[in-house]
Amino acid sequence: MRIGLFVTCLNDTLFPGTGRAVVTVLERLGHTVEFPRDQTCCAQMHFNTGYRPESVPMVARFARVFAGYDAIVTPSASCAAMIRDNHPVLAEQLGDAALREAVADVVPAVHELTEFLVDVLGVTDVGAVFPHRVTYHPTCHSLRGVRLGDRPLRLLRAVKGIDLVDLAAADACCGFGGTFAVKNADTSTAILADKMTTVMSTGAEVLCAADNSCLMHIGGGLVRLNSGVRTLHLAEILAATEGTR
Amino acid sequence: MTDDSDHDGRVWLGTPAFPEAARSALADTRLRHNLRHATTTIRAKRLDATGEVPHWEELREAGAAIKRRTTRHLAHYLEQLEANVTAAGGTVHWATDAAEANRIVERLVRAGGGGEAERHEVVKVKSMATQEIGLNEALAAAGITAYETDLAELIVQLGQDRPSHILVPAIHRNRAEIREIFAERMGERGRAAPADLTDDPKALAEAARLHLREKFLTARVAISGANFAAADTGTIAVVESEGNGRMCLTLPETLITVMGIEKVVPSFADLELFLQLLPRSSTGERMNPYTSLWTGVTPGDGPQDFHLILLDNGRTDVLKDTVGRQALACIRCSACLNVCPVYERTGGHAYGSVYPGPIGAVLTPQLAGVRRAASLPFASTLCGACYDACPVKIDIPEILVHLRAKVVEAKRDDRALPTPEALAMKAASTVLDSPGLLGVAQRAAAAGGRLTSGRGGRIRRLPGPLGGWSATRDTPPPPRESFRAWWRENREER
Ligand code: SF4
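Residues numbered from 1 in each chain as written. Chains lettered and ligands numbered in written order. Predicted model: local features only at pLDDT ≥ 70, side-chain atom pairs only at ≥ 80, totals over all residues. Heavy atoms only, no water.

Observations concerning the side chain of Glu112(A)
All names here are of chain A.
Next, step 1: Inspection of the secondary structure assignment puts Glu112 in strand S4 (residues 110-112).
Next, step 2: Of the side chains with opposite charge, Arg151 comes closest to the buried, unpaired Glu112, at an N-O distance of 6.9 Å.
Next, step 3: Ignoring anything within four residues of it in the chain, the contact list for Glu112 reads Thr74, Ser76, Ala77, Ala80, Arg84, Leu148 and Ala210. (Helix = DSSP H or I, 4+ residues; strand = E, 2+ residues; numbered from the N terminus. Buried < 20%, exposed > 50% of the residue type's maximum accessible area, 1.4 Å probe, protein only. Lys, Arg positive; Asp, Glu negative; His and termini not counted. Salt bridge = Lys/Arg side-chain N within 4 Å of Asp/Glu carboxyl O. Contact = heavy atoms within 4.5 Å.)

Pasting the structure below:
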């Protein structure tokens, strides 16, 4: 199986540790991962902010760069949702038959990391050890975009040493919403305040999720408050083998 | 789009753009408290009421399918409705816009019989369509007083205020305030509240009951909206909780119903489905307490003069947009408001329209024009909770993103120079379409980040429009090494 990693522009630039963690987990499970160097971005920010013409080159690039892979794995539920739901729509709107076909070929191979581990590889125990108190926030695009269900929790429960605690009102949005956090910064902060309250009341040391974008927002608030909770992408917990070496 | 006219009544009230309007709402602690309490309670009730139906998802799908079919053949069903209402003794009027609808109502009220005093008073059933056209204000200008009879609408009307929720229009008020409004204002408009009125809900309801009873017994004309209208029989349906609507619909001699053209459903049998979807989604009840159905005029029973006004007011324009027209399927249950993280914090007034919340954010820009309501499509995190809750499966996030593209397009067309945002987006798109440029940008950002990050290695302040972000959130500085740089060193050159 040829596995291509779509790391996403955000992870590539700001959270390279998440990309390395995906590589670690997949290699530990005996797979070879490729990173096609010409990859960039899924165009979510442009598309969701209303800049459709500007998103087209990125959509075309994605289809071109990832053509031929058996599986395209990405550690971002919202980018996976963008590709799955909107790349075909954009290609259709453009009326470009070649692009439409290229997109249709590549989209079924796209898997968010936990989908790939649980559904394609059929594993929940990836050999991780992480002796910390952790809570998990199912991001909106994990829940209602790609509908990850309990896959992330099944993976987390299999981590050795983890003290996994429930998050109250977990399915509530954190208030990020991409450019919403900038355009409607006040409302975004009001929503964030409630998410931070529930996170802090778990007593967890680490908040994890399947998307670094929401984590950057929640984590940004938690750090500003010196709350003592850090944020970590789920992949980095699955990659951890703390204290075993 | 209907950007340059104001014929649409009160769809768009011209309040500040959403982010600004939201700011004052966010600071209103009582509002925040009421909203949190009300939305949390009703969310739980709705989940119970929809969860116990074994085939809820199939019901939603069926509701969506019927609405899709209706919008595709709207003209056909409306003509059928007109024929059947007329055959049953009613009169059908067509109104292109708010002004025309208001004129028709005014004329009908004046012709409504009774003495001089009666020709200047009407009672009203809670209705979104009449709020949309600003009917009360138009009637007032013509010297006719409209009395709202829904309890919450009465509170809003007496308080000279605006509704802030489709279903719970006075969600922004609490008991003590309601007592005050009743004590001060009821006497100006009819039977006064008792002198010893307390803020006990029972006492408040009793005061409202006595005040309204007087109106019901004297009014000769009632005005209502419609939840549904069955084309094949000409039957109109109004769904409510209090029974005040039932009083309006049965006691007066003349009944005028103002209905958006999208409320028609093909068949009476379709009500079986919608009367399950609506109450469970809206109040979280298995069934609403009062469902009134009438077909034209029944001699000797109820109003003997019935008029149905079919209101367009921008809806045919919406129909032309195959993505946007989904919004016309709305049955005004308000489930999307109650699950919306934005609405829960800001309440309805920030949306600057009679249609608040997620449905307002997609309906208002379509009815009033994307230029006038340009901030509304952006007033959402795209969390998708509204779509999952909607009983007729309106993909609100899809419409929001679609309308955002229209806003951006409109700005492109209107301006000689691109907006700063457009320039930034263009630049970002150039960088993001080039792995080489992205690498350069990453290295520059890493260098810049080391310079700008403060104690603890966090960036505490960002420039320009990003200032809103950094006002409450720290940002991690870009790492020394991007993922692609790490990959090159550790995998490619190994
Ligand atoms: S859009 Fe859907 S959920 Fe919202 S009020 Fe209309 S029918 Fe209800």
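Looking at the pattern of salt bridges
Next, step 1: Counting across every chain of the model gives 44 salt bridges over all chains.
Next, step 2: The salt bridge partner of Glu27(A) is Arg491(B), with a shortest N-O separation of 2.7 Å. Residue Glu27(A) is located in helix H2 (residues 16-28), and its partner Arg491(B) is located in helix H22 (residues 483-492); the two belong to separate chains.
Next, step 3: Judged by relative accessible area, which is 31%, Glu27(A) ranks as partly exposed.
Next, step 4: The salt bridge partner of Glu148(B) is Lys124(B), with a shortest N-O separation of 2.8 Å. Here Glu148(B), found in strand S3 (residues 145-148), pairs with Lys124(B), found in strand S2 (residues 121-124); they are 24 residues apart in sequence, far enough to count as distant.
Next, step 5: Note on Glu148(B): relative accessible area 4%, which makes it buried.
Next, step 6: Each member of the salt-bridge network shares a partner with another, and the members are Asp194(A), Arg36(B), Arg43(B), Glu344(B) and Arg345(B).

Points about unusual backbone geometry
Both trends apply: most residues other than glycine have a negative phi, and most peptide bonds are in trans.
Next, step 1: Even without being a glycine, Thr8(A) presents a positive backbone phi close to 80 degrees.
Next, step 2: With respect to the helices, strands and loops of the structure, Thr8(A) is situated in the loop between strand S1 (3-5) and helix H1 (9-13).
Next, step 3: Residue classification places Thr8(A) among the buried residues on the basis of a relative accessible area of 3%.
Next, step 4: The backbone of Arg332(B) shows a phi angle near 55 degrees, a positive value even though the residue is not glycine.
Next, step 5: Among the structural elements, Arg332(B) can be located in the loop between helix H13 (315-319) and helix H14 (335-339).

Quick look at helix H8 (residues 151-158) of chain B
Residues and elements named next belong to chain B.
Next, step 1: Within H8, seven of the eight residues are buried, which leaves the element mostly enclosed by the surrounding structure.
Next, step 2: Within H8 the residues assigned to the buried category are Ala152, Glu153, Leu154, Ile155, Val156, Gln157 and Leu158.
Next, step 3: Contact partners of the buried residues in H8: helix H6 (128-132), helix H7 (135-141), S3, helix H9 (175-185) and helix H10 (201-218).
Next, step 4: The distance from a side-chain oxygen at the start of H8 to the backbone nitrogen of Ala152 is 3.1 Å, and the residue carrying that oxygen is Asp150. (Polar contact = N/O pair within 3.5 Å; in protein donor to acceptor, adjacent residues only side chain to side chain.)

Re the domain arrangement of chain B
Next, step 1: Taken domain by domain, chain B comprises domain 1 (20-315) and domain 2 (420-492).
Next, step 2: Inter-centroid distance (C-alpha atoms) of domain 1 of chain B to domain 2 of chain B is 53 Å. (Domains from an automatic or database assignment.)

Overview of helix H18 (residues 396-414) of chain B
Next, step 1: The end-to-end C-alpha separation of H18(B) is 26 Å, in line with the 27 Å expected for 19 residues at 1.5 Å each.
Next, step 2: Buried within H18(B) we find Ile396(B), Pro397(B), Ile399(B), Leu400(B), Val401(B), His402(B), Leu403(B), Arg404(B), Ala405(B), Val407(B), Val408(B) and Ala410(B).
Next, step 3: Residues of H18(B) that are buried in the fold lie against helix H3 (44-49) and helix H4 (52-65) of chain A together with H14, helix H16 (357-368) and helix H17 (385-389) of chain B. (Expected span 1.5 Å × (residues − 1).)

Looking at the sheet that holds strand S5 (residues 133-136) of chain A
Residues and elements named next belong to chain A.
Next, step 1: Ordered by their spatial adjacency, four strands build an open sheet running S6-S5-S7-S8, and the pairing between neighbours is parallel. With one partner strand each, in any of the chains shown, strand S6 (163-165) and strand S8 (230-233) form the two edges of the open sheet. Each strand axis lies, on average, 35 degrees off the axis of its neighbour in the sheet, ignoring direction.
Next, step 2: With three bridges connecting them, S5 and strand S7 (residues 206-209) associate as parallel partners. What sits directly across from Val134, in S7, is Val206.
Next, step 3: Contacting S7 and S8, helix H12 (residues 212-224) crosses the sheet at an angle of about 170 degrees to S8. (Pairing = 2+ DSSP bridges. Axes fitted to C-alpha atoms, helices over the stretch in contact; angles between N-to-C directions.)

Structural notes on the confidence of the model for chain B
Residues and elements named next belong to chain B.
Next, step 1: In the predicted model, chain B carries a mean pLDDT of 92, and the fraction of residues at 70 or more is 95%.
Next, step 2: Every residue in residues 1-6 scores below 50 in pLDDT, and together they form 17 contacts with partners more than four places removed in sequence or on other chains.
Next, step 3: Complex prediction metrics read pTM 0.94 and ipTM 0.96. (pLDDT = per-residue confidence, 0-100.)

Digging into the nonpolar core
Next, step 1: If you look at the biggest cluster of nonpolar residues, it comprises 151 residues, and the most contacted ones within it are Ile72(A), Leu81(B), Phe182(B), Leu308(B) and Ile359(B).
Next, step 2: If you look at the next biggest cluster of nonpolar residues, it comprises 38 residues, including Leu5(A), Phe35(A), Val73(A) and Leu232(A). (Core = buried A, V, L, I, M, F, W, Y, C linked by side-chain atoms within 4.5 Å.)

Let's talk about the interface of chain A and chain B
Next, step 1: Residue-level contacts link 63 residues of chain A with 63 residues of chain B.
Next, step 2: The interface formed by chain A and chain B contains 11 salt bridges.
Next, step 3: Here Arg23(B) makes a salt bridge to Asp186(A), at a shortest N to O gap of 2.7 Å.
Next, step 4: Run the count over chain A and chain B and you get 34 residue pairs in polar contact (both at pLDDT 80 or more).
Next, step 5: The greatest single-element share of the side of chain A that touches chain B, amounting to nine residues, is contributed by helix H11 (residues 185-201) of chain A.

Remarks on the site of the ligand
Next, step 1: If you check the shell around the ligand, you find 13 residues, and the closest are Cys330(B), Cys333(B), Ser334(B), Cys336(B) and Cys390(B).
Next, step 2: Of the residues contributing to the shell around the ligand, the split by class is 11 nonpolar, one polar and one charged. (Near = heavy atom within 4 Å. Nonpolar A, V, L, I, M, F, W, Y, C, P; charged D, E, K, R; others polar.)

Quick notes on the environment of Arg151(A)
Residues and elements named next belong to chain A.
Next, step 1: With respect to the secondary-structure elements, Arg151 resides in helix H9 (residues 151-157).
Next, step 2: C-alpha separation for the pair Arg151 and Val118, spaced 33 residues apart in sequence, amounts to 6.6 Å.
Next, step 3: Beyond its immediate stretch of four places on either side in the chain, Arg151 contacts Thr114, Glu115, Val118 and Asp119.
Next, step 4: A distance of 2.9 Å separates a polar atom in the side chain of Arg151 from a polar atom in the side chain of Asp119.
Next, step 5: Among the polar contacts made by the side chain of Arg151, one reaches the main-chain carbonyl oxygen of Leu148 at a distance of 2.9 Å.

A look at the sheet that holds strand S9 (residues 290-295) of chain B
Residues and elements named next belong to chain B.
Next, step 1: Spatially, four strands are ordered S8-S5-S6-S9 in an open sheet, and the strand pairing comes out mixed. In this open sheet, the two edge strands, each paired with only one partner strand, are strand S8 (264-265) and S9.
Next, step 2: Sheet analysis places strand S5 (residues 228-230) next to strand S6 (residues 235-240), joined by three bridges and oriented antiparallel. Note on S6: the bridge partner recorded for Ala230 is Thr235.

So, the packing of aromatic side chains
Residue and element names in this part refer to chain A.
Next, step 1: What the rule picks out here adds up to 14 aromatic pairs over all chains.
Next, step 2: Their ring planes at 35 degrees and their centres at 4.7 Å tell us that Phe62 and Phe66 sit as a pair that is tilted.
Next, step 3: Its relative accessible area of 3% is what places Phe62 among the buried residues.
Next, step 4: Ring pairs connect the aromatic residues Phe6, Phe62, Phe66 and Tyr69, which therefore count as one cluster. (Phe/Tyr/Trp six-rings, centres within 6.5 Å; stacked < 30°, edge-to-face > 60°.)

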